[in-house]
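Observations on the three-dimensional arrangement
Next come the chains, spelled out residue by residue.
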Amino acid sequence: MSSRAPSPLPISLPMMSSRDNPTLVEWGAASAPGQGATPERSALDALVAMMCACAPEMYAHVRRVAQAAAVTARTMSLPAPLIEQIEQAALLHDIGKLAFSEQATPSRRSDEELQSVLVRQHVHIGFNILSAVPPLRSAASIVIAVHERWDGFGYPAGLRGTEIPIGARLIAIADAYDVLTSAHVYRGGMLRDEADAE
């Protein structure tokens, strides 16, 4: 692996206040009480704030995924440090998508080929972003595996079964469920009973 620092990503950050985007207030209020200014927390806060400003809908999605994955992890009685890593990874699993402009992001089913290319690229970009932040490297190792599949036909490494980190498996399930039950440009969301059956 090359030790050369990655090139800056083509991300344009709009000047936006909490008045323009109430989600910024929501995240700040949710993250402030009782949270020490650790390097890990500061890095997480900075990346999530960037997501709030650039892509509020993405933030809403990853927050739902993080909540669902964390609840499932607690139900499974996983260790508290691992649950925290899973929640962090879930919040940041789509961070690589910020490297793409709205114009490059597909919005119709006919754009499935482009969607596939972007999805595969955003996984690597997200991994590289998180790996560059030492406190978030454990989250990076989960994020890179979110699109692996139990049968081994996922990517990027073709992991199968229990080779896939448990955190990545929980996030993948929560992510798929949220996508199925949320409205998108080309379709409405499924009813929860339909998504459970799926």
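Residues numbered from 1 in each chain as written. Predicted model: local features only at pLDDT ≥ 70, side-chain atom pairs only at ≥ 80, totals over all residues. Heavy atoms only, no water.

So, the overall build of the protein chain
Helix and strand counts for the protein chain come out as eight helices and zero strands. In the protein chain, the succession of α and β elements from N to C terminus is α-α-α-α-α-α-α-α. For the protein chain, buried positions account for 37% of its 198 residues. Contacts in the protein chain between residues far apart in sequence, at least 24 positions, make up 59% of those at least 6 positions apart. If you sum the accessible surface of the protein chain, you get close to 11600 Å²; carbon and sulfur atoms cover 57% of it. (Helix = DSSP H or I, 4+ residues; strand = E, 2+ residues; numbered from the N terminus. Buried < 20%, exposed > 50% of the residue type's maximum accessible area, 1.4 Å probe, protein only. Contact = heavy atoms within 4.5 Å. Areas by Shrake-Rupley, 256 points an atom, 1.4 Å probe, with all protein chains shown as cover.)

A few points about the side chain of Ser 182
Along the chain, Ser 182 turns up in the loop between α7 (166–181) and α8 (192–197). Side chain to side chain, Ser 182 and Arg 64 meet in a polar contact 3.3 Å long. A polar contact of 2.7 Å, which involves the side chain of Ser 182, links it to the backbone oxygen of Asp 178. (Polar contact = N/O pair within 3.5 Å; in protein donor to acceptor, adjacent residues only side chain to side chain.)

Describing the environment of Ala 73
Structurally, the position occupied by Ala 73 is in helix α3 (residues 56–75). Residue classification places Ala 73 among the buried positions, given a relative accessible area of 0%. The sequence separation of Ala 73 and Ile 166 amounts to 93 residues, and the corresponding C-alpha distance is 9.0 Å. When neighbours within four sequence positions are excluded, Ala 73 is seen to be in contact with Leu 78, Ile 83, Ile 86 and Leu 170.

Focus: the packing of helix α2 (residues 39–54) against α3
Direction vectors running N to C along α2 and α3 enclose 130°, while the axes themselves pass 5 Å from each other. On the basis of their axis angle, the class for α2 and α3 is oblique. Where α2 abuts α3, its residues Val 48, Met 51, Cys 52, Ala 53 and Cys 54 lie against Pro 56, Met 58, Tyr 59 and Val 62. (Axes fitted to C-alpha atoms, helices over the stretch in contact; angles between N-to-C directions. Parallel < 35°, antiparallel > 145°, perpendicular 65-115°, else oblique.)

Some thoughts on the pattern of salt bridges
Scanning the model with the defined rule gives five salt bridges in all. Among the ionic pairs, Arg 41 bridges to Asp 45, the shortest N-O distance being 3.2 Å. Taken together, the residues Arg 41 and Asp 45, both in helix α2 and four residues apart, mark about one turn of the helix. Taking the relative accessible area as the measure of exposure, Asp 45 reaches 22% and is therefore partly exposed. Among the ionic pairs, Arg 74 bridges to Glu 87, the shortest N-O distance being 3.9 Å. Taken together, the residues Arg 74 in helix α3 and Glu 87 in helix α4 (residues 80–92) connect sequence positions 13 residues apart. By relative accessible area, Glu 87 is classed as partly exposed at 28%. (Salt bridge = Lys/Arg side-chain N within 4 Å of Asp/Glu carboxyl O.)

Re the packing of aromatic side chains
By the definition in use, this model includes zero aromatic pairs. Above the face of the Tyr 155 ring, Arg 120 is positioned so that its terminal group lies 4.2 Å from the ring centre. (Phe/Tyr/Trp six-rings, centres within 6.5 Å; stacked < 30°, edge-to-face > 60°. Lys NZ or Arg CZ within 6 Å of the ring centre and 35° of its normal.)

What to know about α3
If you check α3, its first and last C-alpha atoms are 29 Å apart, about what 20 residues at 1.5 Å a residue would give, namely 28 Å. Those residues of α3 not exposed but buried are Met 58, Tyr 59, His 61, Val 62, Val 65, Ala 66, Ala 69, Ala 70 and Ala 73. Each buried residue of α3 sits inside an arc of 160° when the element is viewed along its axis, so together they form one side. Of the residues in α3, the exposed ones pointing more than 90 degrees away from the buried face are Glu 57 and Thr 75. Looking one or two residues past α3, Ser 77 carries a phi angle of roughly 60°, positive in sign. (Expected span 1.5 Å × (residues − 1). Arc of directions from axis to C-beta.)

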